[in-house]
Every structure is written in C-alpha cells, then in structure tokens.
Amino acid sequence: MAIIVNIDIMLARRKMSSGELAAKVGITPANLSILKTGKARAIRFTTLEALCRALDCQPGDILEYRAESSEE
Amino acid sequence: MKRNTRILLIAVTVLVCLICLSNAAYIIIQGGGMAGLYGVNMERAQWNQEVLGLQRFIFWGWLTAGLVFDALLAVFMIRSLLGVRSGILFPKANTFILMAASAVNLVYNICHSNIGIVLHSERLFTIDNADLLLPLILLAFSLIYGIAVRVSEENQLTI
C-alpha cells in the first residue's frame, strides 16, 4: 500500500512501548500491530486523534504517502 | 448484538435443524419405501424400462439432493450461530454453503416435482416457476452474503 504508517519511528523517538501506546489510545495490542505492520485497510479519525494525542504529534508524522512504482 | 436477537437466532437455528432432521428422516423412509426395502403399505416405485434412466436420475437426485440440502442448511445455521459467538458475523465459508445449497435445491425441486415419473411411470417431465424461484433467491442471497463478508473483513481491518 502507498500509505506508510510510521508508528514504530514515533514510538522509538518517544521511547514508548507498543503496549503503553495501545493502553493510552484505547485499542488492543493486536489492533496496534495490524496498524504498525501496514495490514490495516482504514483508520478512524477518532483513533488517529487518540494516536496524535498520545504521541504528541501531527497526523502527517504518523502517516506518509510513498508512490508505488509500476514494477512492484 | 442485542440479547433478544441472539436468543431469536438460537431458536431459529434449533427450529431449522429440527425441520432438516425430520425432512431427512422423511426422505430416507420414503426413499426406502419407494425402493421396496420395507413396508407393504408404502408407495413403491414403478420401474419402467422405457424411462428407467430418467426414473433413476429423479429417484437418486431427489434422495441425495434432499439429504444434502438439509445438511447444508443445518450447517449454515450452526456456522452462523458459532460465528456470532466468536465475533465473526459473516463466516466466509457460508457463502460457498449458500451457493452449493442453491444448486442442490434446484436439483431437489426438479426431482421432487417429477417424482410421479418414478411412482406412477408418468411420461410428463415438468419444471415449474416455483422450482426455479427458491434456488435463484438463494443464489442472490449468497451473492449479497459474499458482499457482506467482504465489508465485514474490511470493517475488521479498520482500526
């Protein structure tokens, strides 16, 4: 998918664990893993808002668009 | 899911399973009687050499399609109920079960309508609108069910 989720980078910068973030955001660690691994099909605004609040960042810091080459 | 809906679903599942079981028992008993396995009072098949192939097709089609259809419906209801319990409202395999049920039901309806060919050596082969209607509705329902499965999967991957 052309949308990259950079939660791992944000977690490393904040020195926060996945479990801690999941608890703060109010989602299960399994769902956070789906999000981190790029398997998620969509993200709710409420989840994005909670992620931004927990990580003290902007949506653009979490989500990134990278154009896929036609060869892929 | 609301508690009342769940109770209603359990009740419908039990009812469908009971009807399927009784219908399967009826088909086995009636089929055995037609084949002359037991009971002098049972209506027996009148095998006619001129239409023996058609008679065999109708007899075995009616017997097997009837039993398979009952089994598929019971499995569909039980899987739906288990799916609700495990949080998967639309199990993917149910789509194939419904598609198979529509095909099997078509065979069963046609054979059931023409069972007179086996019992009374009738020569008239008929296909009613009603024979085609239920399989077509089942097929349409299975296609809609397939869409529901995809939407459900998408919904589960929305965080």
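Since the structure is predicted, the reported quantities are computational estimates derived from the model, not experimental observations.

Here is what the cut-offs are and how they apply
Residues numbered from 1 in each chain as written. Chains lettered and ligands numbered in written order. Predicted model: local features only at pLDDT ≥ 70, side-chain atom pairs only at ≥ 80, totals over all residues. Heavy atoms only, no water. Core = buried A, V, L, I, M, F, W, Y, C linked by side-chain atoms within 4.5 Å. Buried < 20%, exposed > 50% of the residue type's maximum accessible area, 1.4 Å probe, protein only. Helix = DSSP H or I, 4+ residues; strand = E, 2+ residues; numbered from the N terminus. Contact = heavy atoms within 4.5 Å. pLDDT = per-residue confidence, 0-100. Buried area = accessible area lost by both parts, 1.4 Å probe. Salt bridge = Lys/Arg side-chain N within 4 Å of Asp/Glu carboxyl O. Polar contact = N/O pair within 3.5 Å; in protein donor to acceptor, adjacent residues only side chain to side chain. Axes fitted to C-alpha atoms, helices over the stretch in contact; angles between N-to-C directions. Parallel < 35°, antiparallel > 145°, perpendicular 65-115°, else oblique. Nonpolar A, V, L, I, M, F, W, Y, C, P; charged D, E, K, R; others polar. Patch = residues over 30% accessible without salt bridge, like charges linked within 9 Å, V, L, I, M, F, W, Y side chains within 5 Å. Areas by Shrake-Rupley, 256 points an atom, 1.4 Å probe, with all protein chains shown as cover.

Engineer: What am I meant to see in the nonpolar core here?
Structural biologist: Soluble globular proteins tend to pack their nonpolar side chains together in the buried interior. Of all hydrophobic cores here, the largest spans 25 residues; its most connected members are Met34, Ile58, Trp62, Phe76, Ile115 and Val118 of chain B. Taken together, the elements giving at least two residues each to this core come down to helix H1 (3–34), helix H2 (52–86), helix H3 (93–113), helix H4 (115–120) and helix H5 (129–156) of chain B. Considering every element that reaches this core, the biggest residue donor is H2 of chain B, with nine residues. If we ignore the near neighbours within four places in the chain, the residues touching Ile58 of chain B are Cys111, Asn114, Ile115, Ile117, Val118 and Phe125 of chain B. Within the second largest apolar cluster, 20 residues are counted, among which are Met10, Leu21 and Leu48 of chain A together with Ile159 of chain B.

Engineer: What's the story with the confidence of the model for chain A in this structure? I'm lost.
Structural biologist: Detail in the predicted coordinates should be disregarded across regions flagged by low pLDDT. With 93% of its residues at a pLDDT of 70 or more, chain A shows a mean pLDDT of 88. The element-level mean pLDDT for chain A is lowest in strand E1 (residues 3–5) of chain A, coming to 88, with helix H4 (residues 45–55) of chain A highest at 92.

Engineer: Mind showing me how you'd approach the confidence of the model for chain B here?
Structural biologist: Residues and elements named next belong to chain B. Summing up the model confidence of chain B, the mean pLDDT is 89 and the portion of residues at 70 or higher is 98%. Within chain B, the element-level pLDDT minimum falls on H4, averaging 88, and the maximum on H3, averaging 94. As a predicted assembly, this complex carries a pTM of 0.76 together with an ipTM value of 0.72.

Engineer: Any chance you could explain the interface of chain A and chain B here in plain terms?
Structural biologist: The extent of an interface is frequently quoted as the accessible surface area lost upon association of the parts. Listed by partner, the interface residues are eleven residues for chain A and five residues for chain B. For the pairing of chain A and chain B, the buried interface totals around 760 Å² over both sides, and the portion due to carbon and sulfur atoms is 57%. When the buried area of chain A at its contact with chain B is split by residue, Arg41, Ala42 and Arg44 of chain A rank highest and sum to 62% of it. Summed over the shared surface of chain A and chain B, the number is one salt bridge. The partner of Glu154 of chain B in a salt bridge is Arg41 of chain A, and the shortest N-O contact between them spans 2.4 Å. Our count for the contact surface shared by chain A and chain B stands at six residue pairs in polar contact (both at pLDDT 80 or more).

Engineer: I'm lost on the packing of helix H2 (residues 18–25) of chain A against helix H3 (residues 29–36) of chain A in this one. Help?
Structural biologist: Packed helices, taken two at a time, are described by their axes: the angle between them and the distance between them. Residues and elements named next belong to chain A. The N-to-C vectors of H2 and H3 enclose an angle of 110°; their axes lie 9 Å apart at closest approach. Between H2 and H3, the angle is such that the two are roughly perpendicular. Residues Ser18, Leu21 and Ala22 of H2 pack against Pro29, Leu32 and Lys36 of H3. Tallied by class, the residues present in the contact of H2 with H3 amount to four nonpolar, one polar and one charged.

Engineer: Can you walk me through a nonpolar patch on the surface in this structure?
Structural biologist: Residue and element names in this part refer to chain B. Together, Leu54, Phe57, Phe96, Met99, Leu106, Val107, Phe125, Ile127, Leu132, Leu136, Leu139 and Leu143 line one region of the surface with nonpolar side chains, adding up to about 1,000 Å² of accessible area. Secondary structure elements with two or more residues in the nonpolar patch: H2, H3 and H5. Tracing the backbone through its elements, the reader meets Ile127 in the loop between H4 and H5. Residue class for Ile127 comes out partly exposed when judged on its relative accessible area of 46%.

Engineer: How should the side chain of Thr13 of chain B be read in this particular structure?
Structural biologist: Residue and element names in this part refer to chain B. Topologically, Thr13 is positioned in helix H1. Take Thr13: its relative accessible area is 4%, and that puts it in the buried class. Engagement of the side chain of Thr13 in a polar contact is seen with the backbone oxygen of Leu9, the distance being 2.7 Å. Excluding residues that lie within four positions of it along the chain, Thr13 makes contacts with Met77, Ile78 and Leu81.

Engineer: Would you take a moment to explain the pattern of salt bridges for this structure?
Structural biologist: When charged atoms on two side chains of opposite charge get close, those side chains can pair. Residue and element names in this part refer to chain B. A complete count under the given rule lists five salt bridges over all chains for this structure. Taking the shortest distance from any N to any O, the salt bridge between Arg123 and Glu50 comes out at 2.9 Å. In this pair, Arg123 sits in the loop between H4 and H5 while Glu50 sits in the loop between H1 and H2, placing the two residues 73 residues apart along the sequence. Glu50 carries the same exposure label as Arg123, and that label is exposed.

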